[in-house]
Amino acid sequence: MTIKLKGVTKKYGRDYALNEVNLSLQKGKIYGLLGPNGSGKSTTLKMIAGLVFPDRGEVSLSNEKVTRRTAEQVAYLTELDMFYDNFSVAETINYVASQFASFDLHKAEQLLAELKLDPSKKVKQLSKGNRGRLKLVTALARDTDVVLLDEPFSGLDPMVREATVKSLLRYVDLEQQIIVIATHEINEIESLLDEVIALYYGDIIGQENVEELREEQGLSVLEWFKTIVQEVEERAV
Amino acid sequence: MVQEFQASKPIYMQIVDQIIIDILQGTQKVGDKLSSVREMAVKMGVNPNTIQRAYAELERMGAVETRRGQGTFVINNPELFATIKLDMQREIINRYVKDMKQLGVSSIEMIDQLKAFVEGEEEHDD
């Protein structure tokens, strides 16, 4: 599996969400897509998932152009709350399973147990943290070569964050999968990532291997990100 | 527990250091199997590729060996661990001396203070 964006441009009204973006992602790696709010992270993920299409350029999965049809190969965790309040946890799982052939019910049950989610509880009875966990279960229980997580940790307390990170690590299959995590909480996920991609208002301003950053430049991802954003902003003045 | 890592050193090297310390302290027994890459990744909250790289580095150092289909085992190699322990001590002393010099502390003061400190600690222990 490879993901490619070639000369991808997307405008919302007059504003560029993405401007001539080129990107290539390989299997076996966990990527961090970093950037401030509104920098194009979610648009990038939605394009890979086949939920938004470029105005110009092309997005492809293993050289096949992304369409509604390729969506079956992609698990996508949206940053939005997307559940029906009146469904129970079990009904939610069954509903998602009915929508995707790649959904693994057995894996979903294991994840529910691990994250201590009660299948009989109604979604509206769940705390914010537990809704976050349920969202993660619906994404991780799918057997897909691409897993896209949009702000998977936002609004979760540190304990829940740690539990979600561990579930992610327990189930990721780096022989097959590409994982892309979009976030602005950089410090939280640094030790999870192989590579980081920095987006800044529609442009990719940097892409680095996390360990090389440390080895060659002595920089953490957050330090690197601040440095390159500053460079871009100084150039703009 | 998910660990915190320093920014200035690659994460895989910090994991190598941690495993070596565990071996020196005896929490990781010589001859025993290390946790699988997956278990270690989950335990530390770290990318499995990074753990893989740490294990490869330990193997390169001669501290562990990978047995096909069985896992990674700590080698019984007292000379190697003695050498590594000395290296680590040297690294700590280097850092200490450098920091003290930055504060303008002389070598004699440094030794006197260290001696007084260690003796104080020993009294405390009694």
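Report on the accompanying structure. (Residues numbered from 1 in each chain as written. Chains lettered and ligands numbered in written order. Predicted model: local features only at pLDDT ≥ 70, side-chain atom pairs only at ≥ 80, totals over all residues. Heavy atoms only, no water.)

**Focus: the sheet that holds strand E10 (residues 203-209) of chain A**
Residues and elements named next belong to chain A.
Stage number 1. Overall, mixed pairing links the six strands, which are arranged E6-E7-E8-E3-E9-E10 in an open sheet. What marks the edges here is a single partner per strand, and that holds for strand E6 (74-77) and E10. If you compare each strand with its neighbour and ignore which way they point, the axes differ by 15° on average.
Stage number 2. By the bridge criterion, six bridges tie strand E9 (residues 195-200) to E10 in an arrangement that is antiparallel. In the strand pairing of E10, Tyr200 is matched with Asp203.
Stage number 3. Sitting on the sheet, helix H4 (residues 128-140) is in contact with E6 and strand E7 (146-150), with an inclination near 170° to E6.
Stage number 4. Where helix H8 (residues 221-236) meets the sheet, it contacts strand E3 (30-34), E9 and E10, and its direction lies at approximately 30° from that of E9. (Pairing = 2+ DSSP bridges. Helix = DSSP H or I, 4+ residues; strand = E, 2+ residues; numbered from the N terminus. Axes fitted to C-alpha atoms, helices over the stretch in contact; angles between N-to-C directions. Contact = heavy atoms within 4.5 Å.)

**As for the pattern of salt bridges**
All names here are of chain A.
Stage number 1. For the coordinates displayed, the defined rule picks out 16 salt bridges over all chains.
Stage number 2. For Arg131, the salt bridge identified is with Asp85, shortest N-O distance 3.4 Å. Of this pair, Arg131 sits in helix H4 while Asp85 sits in the loop between E6 and helix H2 (89-99), and the two are 46 residues apart along the sequence.
Stage number 3. Arg131 gets classed as buried once you look at its relative accessible area, which sits at 16%.
Stage number 4. By relative accessible area, which is 37% here, Asp85 ends up partly exposed.
Stage number 5. Two residues, Arg214 and Glu190, come together in a salt bridge whose shortest N-O distance is 3.2 Å. (Salt bridge = Lys/Arg side-chain N within 4 Å of Asp/Glu carboxyl O. Buried < 20%, exposed > 50% of the residue type's maximum accessible area, 1.4 Å probe, protein only.)

**Concerning the packing of helix H1 (residues 11-25) of chain B against helix H4 (residues 78-102) of chain B**
A pair of packed helices is characterised by two quantities: the angle between their axes and the separation of those axes.
Residues and elements named next belong to chain B.
Stage number 1. As a packed pair, H1 and H4 sit with axes 11 Å apart at the nearest point and diverge in direction by 120°. Between H1 and H4, the crossing angle belongs to the class labelled oblique. Read as a crossing pair, H1 and H4 show a hand that is left-handed. Where H1 abuts H4, its residues Asp17, Ile20, Ile21, Ile23 and Leu24 lie against Phe81, Ile84, Lys85 and Met88.
Stage number 2. Its residues assigned to classes, the contact of H1 with H4 comprises seven nonpolar, no polar and two charged. (Parallel < 35°, antiparallel > 145°, perpendicular 65-115°, else oblique. Left-handed = near helix turned anticlockwise from the far one by under 90°. Nonpolar A, V, L, I, M, F, W, Y, C, P; charged D, E, K, R; others polar.)

**A closer look at the sheet that holds strand E2 (residues 15-26) of chain A**
Stage number 1. An order of E2-E1-E4-E5 (chain A) is seen for the four strands of this open sheet, with the pairing classed as antiparallel. A single partner strand is all that each edge strand has here, and the edge strands are E2 and strand E5 (64-65) of chain A.

**Let's talk about unusual backbone geometry**
All names here are of chain A.
Stage number 1. Positive phi outside glycine occurs at Glu20, with the angle close to 55°.
Stage number 2. Residue Glu20 is classed as partly exposed on the basis of its relative accessible area of 45%.
Stage number 3. The backbone of Lys116 shows a phi angle near 55°, a positive value even though the residue is not glycine.
Stage number 4. Considering the arrangement of structural elements, one finds Lys116 in the loop between helix H3 (105-114) and H4.
Stage number 5. Accessibility expressed as a relative area gives 69% for Lys116, which makes it exposed.

**Brief notes about empty space enclosed by the protein**
Stage number 1. Summed over all chains, the structure comprises one cavity of 30 Å³ or more.
Stage number 2. If you add up the space inside the largest cavity, you get close to 50 Å³.
Stage number 3. In the lining of the largest cavity, the residues fall into six nonpolar, one polar and two charged. (1 Å grid on protein atoms, 1.4 Å probe; cavity = no way out; pocket = protein on both sides within 12 Å on 5 of 7 lines; lining within 4 Å. Points joined across faces, edges and corners; volume = space filled by probe spheres on them.)

**Concerning the packing of aromatic side chains**
Stage number 1. Enumeration over the complete set of coordinates arrives at four aromatic pairs over all chains.
Stage number 2. Here the aromatic rings of Tyr84 of chain A and Tyr95 of chain A are separated by 5.9 Å at their centres, their planes lie at 75°, and the arrangement is edge-to-face. Highlighted residues: Tyr84 of chain A in the loop between E6 and H2 and Tyr95 of chain A in helix H2, separated in sequence by 11 residues.
Stage number 3. What links up through ring pairs into an aromatic cluster is the set Tyr84, Phe87 and Tyr95 of chain A.
Stage number 4. The ring of Phe100 of chain A has Arg142 of chain A sitting right over it, with the charged end atom 3.6 Å from the ring centre.
Stage number 5. The cationic tip of Arg67 of chain B hangs over the ring face of Phe73 of chain B; the distance from NZ or CZ to the ring centre is 3.8 Å. (Phe/Tyr/Trp six-rings, centres within 6.5 Å; stacked < 30°, edge-to-face > 60°. Lys NZ or Arg CZ within 6 Å of the ring centre and 35° of its normal.)

Coordinates in, geometry out; function isn't part of it.
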